[in-house]
Amino acid sequence: MEHQQLLSVINEHDFAVTPSELHGLLVGLIAGGMFKGSEEYLEHVSELFNNGLTVKGSMKSSLTEMTNEIFSELESEDMSFELLLLDDDEALSDQAEELINWVQYFLVGFGFNKRDLKTASNEVREIIDDFTSITKMDAEIEDSNEAQADFYEIIEFIRVSAVLVHQEFGKQVNKATEQSKTLH
């Protein structure tokens, strides 16, 4: 799903969220170990962005579509996962603010899974620490070629890191679920 397409659905349903925040939340939930086929994301979206009201209609179908896409991208071998952010033609400061918001909501989604980071690899613990640091970044970035190159490096780091977190937490949970289903 494209940023502008999701923005239209969000505006249509009057949700208090940006496409990047919503995507970050869903990726955090999935990377942190939300079960494939679970609809718990609807409950979290309802509580966080819709005053506890049920998610319905095109918003629900868009969220379902996006969740399925995220699962598919995170589990693909070709590293096709991408962050849903503002277009490159937007001001770099606006893009940076959206990225910071994406990371904040990734951490929120990840946190909903209540994973014990003491059992995580050093790499994943460092990723979560780095993500926490990114949320404290200043979004005011000078619009220069060098700043843009640095910004894209940060995006790539976050993209790869989300996949790594999913490989450690998300894949394990879903593999165990699939195995237990086939044993019965």
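Residues numbered from 1 in each chain as written. Predicted model: local features only at pLDDT ≥ 70, side-chain atom pairs only at ≥ 80, totals over all residues. Heavy atoms only, no water.

Peer 1: An account of helix H5 (residues 92-112) is needed here, citing residue identities and associated values.
Peer 2: In this model, H5 (21 residues) spans 30 Å end to end at C-alpha, consistent with the 30 Å of a helix rising 1.5 Å per residue. Counting buried positions over the 21 residues of H5 gives 15, a clear majority of the element. (Helix = DSSP H or I, 4+ residues; strand = E, 2+ residues; numbered from the N terminus. Expected span 1.5 Å × (residues − 1). Buried < 20%, exposed > 50% of the residue type's maximum accessible area, 1.4 Å probe, protein only.)

Peer 1: So what about helix H1 (residues 3-13)? Which residues, and what values?
Peer 2: Of the positions making up H1, those classed as buried are His 3, Leu 6, Val 9 and Ile 10. Angular distribution of buried residues about the axis of H1 spans 130°; they occupy a single face of the element. For H1, the exposed residues set more than 90 degrees away from the buried face come down to Gln 4, Asn 11 and Glu 12. Contact partners of the buried residues in H1: helix H2 (19-31), helix H4 (57-75) and H5. (Arc of directions from axis to C-beta. Contact = heavy atoms within 4.5 Å.)

Peer 1: I'd like a rundown of the nonpolar core, residues and numbers included.
Peer 2: Leu 22, Leu 63, Trp 102 and Phe 106 are the most contacted members of the largest nonpolar core, which has 54 residues in total. Of all elements in the fold, only H1, H2, helix H3 (40-49), H4, H5, helix H6 (122-134) and helix H7 (145-183) reach the threshold of two or more residues within this core. With 10 residues, the top contributor of residues to this core is H5. Residue contacts for Leu 22: discarding those within four places in its chain leaves Leu 6, Ile 10, Val 17, Val 45, Phe 49, Met 59, Leu 63 and Met 66. (Core = buried A, V, L, I, M, F, W, Y, C linked by side-chain atoms within 4.5 Å.)

Peer 1: For the pattern of salt bridges, give the residues involved together with the corresponding values.
Peer 2: Evaluation of the coordinates by the stated rule reveals 2 salt bridges. With a shortest N-O distance of 2.7 Å, Glu 75 and Lys 36 are connected by a salt bridge. Taken together, the residues Glu 75 in helix H4 and Lys 36 in the loop between H2 and H3 connect sequence positions 39 residues apart. (Salt bridge = Lys/Arg side-chain N within 4 Å of Asp/Glu carboxyl O.)

Peer 1: Could you give an account of the side chain of His 166, with specific residues and numbers?
Peer 2: With respect to the helices, strands and loops of the structure, His 166 is situated in helix H7. Those residues within four positions of His 166 in sequence are excluded, and the remaining contacts are Ile 30, Ala 31, Leu 74, Glu 75 and Lys 171.

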